[in-house]
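# Architecture and fold: a report
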Amino acid sequence: MNARTTPAQVAALSVDYADPARLPELLADEQVLAIFGFQAGDGAPPSDDPRYLQVGLQADAPAQLEVWRSRYPVNCGRDADGLAWASDGALMFGVMQVEEAAHGGISGAAEHAYARLLAALPAHDYPHLLRIWNYMDAIIEGEGDQERYRQFCVGRAHGIGAIDTRTLPAATAVGRVDGVRVLQVYWLAARNPGTPLENPRQVSAYHYPRQYGPQSPSFARAMLAATGSDLPLLLSGTASVVGHATLHGDSTERQLQETFNNFEALIGAARRHRPSLPEHFGAGSRLKVYVSDAAEIASVRQALSERLPDGVPYIVLNAVVCRRDLRVEIDGVHAA
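This report concerns the structure included in the present document.

About the cut-offs
Residues numbered from 1 in each chain as written. Predicted model: local features only at pLDDT ≥ 70, side-chain atom pairs only at ≥ 80, totals over all residues. Heavy atoms only, no water. Pairing = 2+ DSSP bridges. Helix = DSSP H or I, 4+ residues; strand = E, 2+ residues; numbered from the N terminus. Axes fitted to C-alpha atoms, helices over the stretch in contact; angles between N-to-C directions. Contact = heavy atoms within 4.5 Å. Phe/Tyr/Trp six-rings, centres within 6.5 Å; stacked < 30°, edge-to-face > 60°. Buried < 20%, exposed > 50% of the residue type's maximum accessible area, 1.4 Å probe, protein only. Lys NZ or Arg CZ within 6 Å of the ring centre and 35° of its normal. Expected span 1.5 Å × (residues − 1).

Moving on: the sheet that holds strand E7 (residues 84-87). Read across the open sheet, the six strands follow the order E6-E7-E8-E11-E9-E10; overall the sheet is mixed. Strands at the two margins of the open sheet, each flanked by one partner only, are strand E6 (75-78) and strand E10 (170-176). Here the average twist between neighbouring strands, direction ignored, is 10°. Sheet topology places strand E8 (residues 91-99) next to strand E11 (residues 182-190); nine bridges connect them, and they run antiparallel. Following the sheet pairing, Met92 is matched in E11 by Ala189. Sheet contacts for helix H2 (residues 106-123): E8, strand E9 (128-137) and E11; angle to E11, the most-contacted strand, approximately 25°.

Looking now at the packing of aromatic side chains. One pass over the full model with this rule turns up 16 aromatic pairs. For the ring pair Phe260 and Phe263, a centre distance of 6.2 Å and an interplane angle of 55° mean the geometry is tilted. Residue Phe260 and its partner Phe263 are both found in helix H4 (residues 252-273); the two are separated by three residues, about one turn of the helix. For the pair Phe260 and Phe263, a shared accessibility class is recorded, and that class is buried. Taken together, the ring pairs in this structure connect Phe36, Trp68, Phe93, Trp133, Tyr135, Tyr186 and Tyr290 into an aromatic cluster. For Arg131, the ring lying beneath its charged end belongs to Trp133, and the centroid distance is 4.0 Å.

This paragraph deals with H2. Every α-helical turn comprises 3.6 residues, leaving residues that sit three or four positions apart pointing alike. With 18 residues, H2 should reach 26 Å at 1.5 Å per residue; the first-to-last C-alpha distance of 26 Å fits that figure. Residues of H2 that are buried: Ile106, Ser107, Ala109, Ala110, Ala113, Tyr114, Arg116, Leu117, Ala120 and Leu121. Phi turns positive one or two residues past the end of H2, at Asp125, with a value near 70°.

Remember, this is a structural readout, not a statement about activity or role.
Here's what the structure looks like:
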């Protein structure tokens, strides 16, 4: 796809959910920056468009596409090494899918992915990473420091190199349950830097103590795009963690409540920078809810229907959270 872009464009992005049957129609829209399908197995709609990524997480209900829409025409393509990208003159979507076996395991795959994407950003003239998602199989397999998530964190840090906590993106890292040892990393980058945010109820992830592994996770709790842009608040994967400790490991319902307590504090921190943000989730919010035990999805949906205001779109996915005592995690976007 070829389209003209203007260097002075104001970054603008909307996020919504759509029926998978609309995939051809959506891909024909030159203002669509990216589309994500969440459906495991052979039932996923096929497409080789660089803007489309199929993630092997199973939705609990009829599958939904997540659609990122720009205000401007979008260019897209693939680099020689398979890195897929789309850009609109202000924002860049990118994705890498890295075979773990080709890099000696999850740590090497993460190192390769992060080194490559951080080289790609300035090469494409979108040097500022705002938000990143990491999906991998069997995230909590392995014991102690050999646990796959801990090894991923080591590889990610090696790929980043010198870590500047003032520029870390918002992030999610959750486990697929498809048995496919391919690390999927996709991101949103911009020509102008955003403002990383931390949660006053939580220790910053990059300051976690040694008990969580040899390398602290490298991400911010949320990201505000540059002043003057028209992007929602980008919320990292958020769970029932206060300080650095998991709370309510025996209760999904109480973990959900603690997760929303964390969102309340995080949105409050964001509103100090941008008072126009709504105080609570509403029609301008979009949430992805990751539930580790598929048998609990129905009760999670019931709890969400009671907790969230009417009109908040969300999808629920069966995905393994990165700590064994965490039962649910939520990420998303938030705007008026």
